[in-house]
Amino acid sequence: MTPLVVVGCGGHGREVLTIARAVVAAGGPRWHLAGFVDDRPSDENLKRVQRLDVPYLGGVAWLRDAPPDTHHVIGIGDPRVRRAVAARVDAYGTPAASLVHPDATVGPDTRYGAGFVAFPGARVTTNVTLGRHVHLNQNATVGHDCVLADFVSVNPLAAISGDCRLAEGVLVGTTAAVLQGLRVGRDSTLGAGACVVRDVPDGVVVKGVPAR
């Protein structure tokens, strides 16, 4: 079995662990869940990890000297933090695993990069391109012909309509919607419940209905 380490002991990381367990239980890749790494885990999160019967291994630098077949998956919800951590881990040479929960749907002619995570109920239709370390949370949907660049996060129940382009580091808040054919710029945030009806530039926060 291939060792798999989850980066991040917070709630998102522990949810990612449950996805890995579901993948193994469904007969997918045979991951051995080696443990968690985190530079600054809270005492409460360490207790929660212990209750999951998976060890805390130490800081992220633990991966630098990990066994050569070890893979990692980044369990951090904030896309910008996830990008910074990925840069560190890439330097250690540890490959990123992709996890698709058995209850997620990834349609035909969909390509995704290393570190992609699809949570239960996530739906990707067809002819979609998803970058490295893209996270699609519970019951998020991505329509036909979309392109989501590296480190995009789509939070629970958010809906990306067809033929949209989301640049690197975009965060789509819970229940937000992006209408057909729109573009969202790098590192922008779409607030929870926002309805995006026009293109969004780089590096801004929009919220409301319609989103401003």
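Structure shown above.
For every chain, the first residue of the written sequence is number 1, and numbering continues from 1 along that sequence. With the structure being a predicted model, the display of local features is reserved for residues of pLDDT at least 70 and the display and counting of side-chain atom pairs for 80 or more, all residues being used for whole-chain, interface and lining totals. Water and hydrogen atoms were dropped before computing side-chain values, which therefore reflect all heavy atoms in the structure.

Participant: Mind showing me how you'd approach the overall build of the protein chain here?
Facilitator: Each helix is a run of H or I in the DSSP string that is no shorter than four residues. Each strand is a run of E no shorter than two, and both are numbered from the N terminus. For the protein chain, the helix and strand inventory stands at three helices and 22 strands. Computed over C-alpha atoms, the radius of gyration of the protein chain comes to 17 Å, within 12% of the 17 Å expected from 2.2 N^0.38 for 212 residues, which places it in the range of a compact globule. Across its three principal directions, the C-alpha atoms of the protein chain cover 45 × 35 × 30 Å. Here the term buried applies to any residue with accessible area under 20% of the maximum for its type, exposed to any over 50%, and partly exposed to those in between, with areas from a 1.4 Å probe on protein chains only. Counting only residues that meet the buried cut, the protein chain has 50% of its 212 residues in that class. By definition, residues are in contact when any of their heavy atoms lie within 4.5 Å. The contacts of the protein chain with a sequence gap of at least 6 include a subset with a gap of at least 24, amounting to 31%. Here the Shrake-Rupley method, with its probe set to 1.4 Å, supplies the accessible areas, and only the displayed protein chains count as covering residues. Accessible surface, the protein chain: about 9100 Å² in total, of which carbon and sulfur atoms supply 52%. Radius of gyration here is computed from C-alpha atoms only, and the compact-globule reference equals 2.2 Å multiplied by the residue count raised to the power 0.38.

Participant: What exactly am I supposed to notice about the environment of Leu57 here?
Facilitator: Checked against the element boundaries, Leu57 lands in strand β3 (residues 56–58). Assessed through its relative accessible area of 26%, Leu57 is described here as partly exposed. Sequence separation of Leu57 and Val37 is 20 residues, and the distance between their C-alpha atoms is 5.5 Å.

Participant: I would appreciate a short explanation of the layout of surface pockets in the present structure.
Facilitator: One water molecule sets the probe size; rolling that probe over the atoms shows where empty space is left. Using protein atoms alone on a 1 Å grid, points that fit a 1.4 Å probe yet trap it form a cavity, whereas open point sets bounded by protein on both sides within 12 Å along at least five of seven lines form a pocket; residues with an atom within 4 Å of a point count as lining. Grid points are joined across faces, edges and corners, and a volume is the space filled by probe spheres set on the points. Roughly 170 Å³ of volume is contained in the largest pocket. Around the largest pocket, the lining residues are Val7, Gly8, Val37, Asp38, Asp39, Arg40, Val60, Ile76, Val81, Val85 and Arg88. Of the residues belonging to the lining of the largest pocket, the class tally is six nonpolar, one polar and four charged. Only Asp, Glu, Lys and Arg are considered charged in this grouping, and only Ala, Val, Leu, Ile, Met, Phe, Trp, Tyr, Cys and Pro are considered nonpolar; every other residue, Gly among them, is considered polar.

Participant: Could you clarify how one ought to interpret the sheet that holds strand β11 (residues 135–136) in this entry?
Facilitator: Each strand in a sheet pairs with another by means of backbone hydrogen bonds, the pair being arranged parallel or else antiparallel. At least two bridges found by DSSP between two strands are what make those strands a pair. Taken in spatial order, the seven strands line up as β5-β8-β11-β14-β17-β20-β22 in an open sheet, and their pairing is parallel. Each edge of the sheet is formed by a strand with only one pairing partner; in this case those strands are β5 (99–100) and β22 (205–206). Note: strand β8 (residues 117–118) against β11, two bridges, orientation parallel. From the neighbouring strand, Val117 faces β11, where its bridge partner is His135.

Participant: Before we go on, may I ask you to explain the side chain of Thr110 in this structure?
Facilitator: Here Thr110 is to be found in the loop between β6 (105–106) and β7 (111–112). The exposure class assigned to Thr110 is buried, which follows from its relative accessible area of 15%. Not counting chain neighbours up to four residues away, the residues in contact with Thr110 comprise Val124, Thr125, Thr126, Asn127, Val128 and Leu130.

Participant: Whenever I open this one, the sheet that holds strand β13 (residues 147–148) confuses me. Can you help?
Facilitator: Ordered by their spatial adjacency, five strands build an open sheet running β7-β10-β13-β16-β19, and the pairing between neighbours is parallel. In the strand order of this sheet, the two ends are held by β7 and β19 (183–184), each with one partner. As defined by bridge partners, strand β10 (residues 129–130) adjoins β13 across two bridges and the pair is classed as parallel. Opposite Leu130, over in β13, you have Leu148 as the bridge partner.

Participant: Would you explain the nonpolar core in this entry?
Facilitator: Side chains of a nonpolar character, in soluble globular proteins, are inclined to be buried together. By size, the foremost hydrophobic cluster in this structure holds 31 residues, and its most contacted members are Leu136, Leu148, Val154, Ile160, Leu166 and Val172. Look past the residues within four positions of Leu148 in its chain and what remains in contact with it is Thr129, Leu130, Gly131, Val134, Leu136, Val142, Val154 and Leu166. Nonpolar cores were defined as sets of buried Ala, Val, Leu, Ile, Met, Phe, Trp, Tyr and Cys residues, with membership established by side-chain atoms within 4.5 Å.

Participant: Explanation requested: helix α1 (residues 11–25) in the structure shown.
Facilitator: Given 3.6 residues per turn, any residue in an α-helix points the same way as the ones three and four places further on. The end-to-end C-alpha distance of α1 is 21 Å, a good match for the 21 Å that 15 residues give at a rise of 1.5 Å each. Every buried residue of α1 is listed here: His12, Gly13, Arg14, Val16, Leu17, Ile19, Ala20, Ala22 and Val23. Gly27 sits one or two positions beyond α1 and adopts a positive phi of about 90°. A helix's residues, less one, multiplied by 1.5 Å, set its expected span.

Participant: Help me out: how do you make sense of helix α3 (residues 79–92) in this one?
Facilitator: If you check α3, its first and last C-alpha atoms are 20 Å apart, about what 14 residues at 1.5 Å a residue would give, namely 20 Å. Residues of α3 that are buried include every one of Pro79, Arg82, Arg83, Val85, Ala86 and Val89, and no others. Residues of α3 that are buried make contact with β1 (2–7), β4 (71–74), β11, β14 (153–154) and β17 (171–172). The opening residue of α3, the one whose side-chain oxygen lies 2.9 Å from the backbone nitrogen of Arg80, is Asp78. The first or second residue beyond α3 is Gly93, which carries a positive phi of 80°. As used in this structure description, the phrase polar contact means that two N or O atoms lie within 3.5 Å; if the pair is within protein, one of them must be able to donate a hydrogen and the other to accept it, and residues adjacent in sequence are counted only when both atoms belong to side chains.

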